[in-house]
Amino acid sequence: MKFTKFKLTALASIAFAAGPFATAQSIDYGSLEMLFDEPVTTSATGAPQRSTEAPVTMEIISAADIRNSGARRLTDLLNRVVGVEVMEYGNSSPSVAIRGYNHALSPRLLVLLNGRQVFQDFYGFTDWDVIPVQLEEIRQIEIVKGPNTALFGFNAVGGVVNIITHNPIYDEATSVKLGVGADGESQGSFTSSFKLHEKVGLRLSLGGETVEEYDGLIDENRTDPENTRSNLAAELGFQLTSSSQLFLEASDSTAKKFIRTPDGSETRLNAEFSSLRAQYVNDSKFGLLRFDAYQNTSDYALISQLSGTTVDISAELLALKAEDTFKIGTDHTFRLSAEYRKNEMTFTYYGLPVLTENSILSAGAMWNWQVSETVATTVSVRADQLSSKGDTLIGIQFGLPGFDEETTEYSYNAALLWKPTDKDTFRFQAARGIQTPSLVQNILSTGVDSSIIENYAIDYDRPVEAFNGSARVSVFYQQNKDLFTLANALVPPGIAVLLGPNLGDSEVFGVELSADGRLADNFDWFASYTYQDTSDEL
């Protein structure tokens, strides 16, 4: 199977003058952006970098971009980024992918909130409505394209979206928003980041939305046509010493909406997603030390529009991570990291509870070398040891044994940055990413292999003074081995269930063109074009 895809987008917006931004996270993003006249990131290497000097293909949506966009939701913003594809299956059911392979509940995009995973491991998708963040508190959104498992963690195979909010230690900002729209939409939010003490800050975030589903998607079995969501989050930040900080965070979100599952079923979903997090940062003599611990709890009920059958899923993710970023001399930056993750899930189908779990032990290393004023290289490697065990749906029904599997996967990212002139930047990249089966896939179809994604890309960036903006050209080739998905199949004695076998291989060649600029003091514009040619061997 082979198909070719084109995408052409253009955007213009009015930019109104605004006051200076507060800082965020552990660096002063606002001051650095003003100093370098472009956004700054720490996500790729752990050290502050211009986005154009990062070793990955990255787009950054700033707070000013968000304000000027008129967007109501996160996915509205992402849909304007070249190479990002947003598919709407309903009024509250988007699916997002980077550089192709999008479908309902896409599993190939890793989404982070201040570095914490909000990707739902148990099924392998991102539920955008339960991410506990409001647009008004976002400092910037970083979109990283291509497989970046070695830099960001497993399942970062299509790309990464990292949402960065105000920091309670540095930022003081308050926003209240109320709005109404088409389809019976009503939306409101309150966000505030403020000082409780000279060395203690608090960030509060509260938001909600109600919107009616599209008429054509409402089955006669459905009595309530409304989709709703609510989000609540609180974060305390402590400046313990001049070189150490502690952050404590809690959040809770709920959603009720229509979704479409990968097999095409129209499903009613009721969800609750909560999290607890503690993060300690210390700028020590051994480098910048970070210790991060969080727990995500997910409770989902999926109700079939056709049959009324309910599937209940309860899942917990515990993640512990430690990393050290340090320099040797002035030209060499290193980052060492270790991570432990444990996922547990109870999947209840027709009253039958199916239990499964997996654990992942990871180790990674990154080396960034500023070879000269015009050349820099970054190499990152990571090893993941995955252990999975539990029951299967068929085993519970027919008295068959469960599964107990273990595998080790390796990934890498390598990049060479070359600046032949002050205005021209070339970025050459090679990467190997890993996509692991979800817990749901393990109980529905054992023996599913991890999907291996190999990617090669070249970027060219240049500021263009003629229209007070910049231009980028990206060319990439990606090879996907052992793709998998969830699909319907008949299981004796004729029960239709979801199975997730490996489907085969696929490759894609693509070109992305983008440019942006400012024609006058208050008029910004953006245009992009995407070409993709995909070949499947399924």
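Rules behind the numbers
Residues numbered from 1 in each chain as written. Predicted model: local features only at pLDDT ≥ 70, side-chain atom pairs only at ≥ 80, totals over all residues. Heavy atoms only, no water. Helix = DSSP H or I, 4+ residues; strand = E, 2+ residues; numbered from the N terminus. Buried < 20%, exposed > 50% of the residue type's maximum accessible area, 1.4 Å probe, protein only. Contact = heavy atoms within 4.5 Å. Areas by Shrake-Rupley, 256 points an atom, 1.4 Å probe, with all protein chains shown as cover. Salt bridge = Lys/Arg side-chain N within 4 Å of Asp/Glu carboxyl O. Polar contact = N/O pair within 3.5 Å; in protein donor to acceptor, adjacent residues only side chain to side chain. Pairing = 2+ DSSP bridges. Core = buried A, V, L, I, M, F, W, Y, C linked by side-chain atoms within 4.5 Å. Patch = residues over 30% accessible without salt bridge, like charges linked within 9 Å, V, L, I, M, F, W, Y side chains within 5 Å. Phe/Tyr/Trp six-rings, centres within 6.5 Å; stacked < 30°, edge-to-face > 60°.

Across its full length, the protein chain carries six helices and 29 strands. Taking all 538 residues of the protein chain together, the buried fraction comes to 53%. At a minimum sequence separation of 6, the contacts of the protein chain that also span at least 24 residues come to 61%. A total accessible area of about 22500 Å² is found for the protein chain, and carbon and sulfur atoms account for 58% of it.

Taken as a whole and judged by the stated rule, the model has 28 salt bridges. Close ionic contact of R229 with E209 constitutes a salt bridge, the shortest N to O distance being 3.4 Å. With R229 in strand 14 (residues 226-241) and E209 in strand 13 (residues 200-212), this residue pair connects regions lying 20 residues apart in the sequence. Since its relative accessible area comes to 13%, R229 is described here as buried. In this structure, D524 engages R518 in a salt bridge whose closest nitrogen and oxygen atoms are separated by 2.6 Å. One salt-bridge network, in which partners are shared between bridges, spans E59, R99, K145, R427, D459, D461, R472 and E512.

Right, let's talk about the environment of T378 for a bit. Tracing the sequence through the fold places T378 in strand 21 (residues 375-390). In sequence terms T378 and M366 are twelve residues apart; their C-alpha atoms lie 7.2 Å from each other. Residues within four places of T378 in sequence aside, it is in contact with T45, P55, M366, W367, N368, N413, A414 and A415. Here the side chain of T378 touches N368 through a polar contact of 2.6 Å, side chain to side chain.

What follows deals with the pairing of strand 10 (residues 159-165). The buried count for strand 10 comes to seven of seven residues, which makes it a mostly enclosed element. Here strand 10 shows two buried faces, one formed by G159, V161, I163 and T165 and the other by V160, N162 and I164. Note that strand 7 (residues 109-113) and strand 10 share five bridges and pair parallel. Counted as the bridge partner of L112 is N162 from strand 10. In terms of strand pairing, strand 9 (residues 138-145) meets strand 10 through seven bridges, oriented antiparallel. Pairing of I138 across the sheet is with T165, part of strand 10.

Attention now moves to the sheet that holds strand 4 (residues 57-62). Across the sheet, five strands lie side by side as 4-9-10-7-8; this open sheet has mixed pairing. The outermost strands of the open sheet, each flanked by one partner alone, are strand 4 and strand 8 (116-117).

For N114, which is not a glycine, the phi torsion comes out positive at approximately 55°. Along the chain, N114 turns up in the loop between strand 7 and strand 8. Non-glycine residue D482 carries a positive phi angle of around 60°. With respect to the element layout, D482 can be found in strand 25 (residues 469-484). Under the relative-accessibility criterion, D482 is labelled partly exposed at 31%.

Let us now look at the nonpolar core. Grouped together as the largest cluster of nonpolar side chains are 48 residues, with contacts concentrated most on F122, I141 and I163. Sorting elements by how many residues they give to this core places helix 6 (residues 439-444) first, with four residues. The contact partners of I163, leaving out residues within four places of it in the chain, are L74, V111, L112, L113, N114, I131, V133, I138, Q140 and I141. One finds A44, V56, L151 and A156 within the second-largest nonpolar core, a separate group that totals 14 residues.

A word on a nonpolar patch on the surface. Together, V176, F190, L206 and L232 make up an exposed nonpolar region whose accessible area comes to about 380 Å². Of the residues examined, L232 reaches a relative accessible area of 49% and is grouped as partly exposed.

Quick look at the packing of aromatic side chains now. Enumeration over the complete set of coordinates arrives at 15 aromatic pairs. With a centroid separation of 6.3 Å and 35° between ring planes, the pair formed by F347 and Y349 is classed as tilted. In this structure, F347 and Y349 share a single accessibility class: buried. Judged by centre distance (5.7 Å) and plane angle (10°), the ring pair of W367 and W369 falls under stacked.

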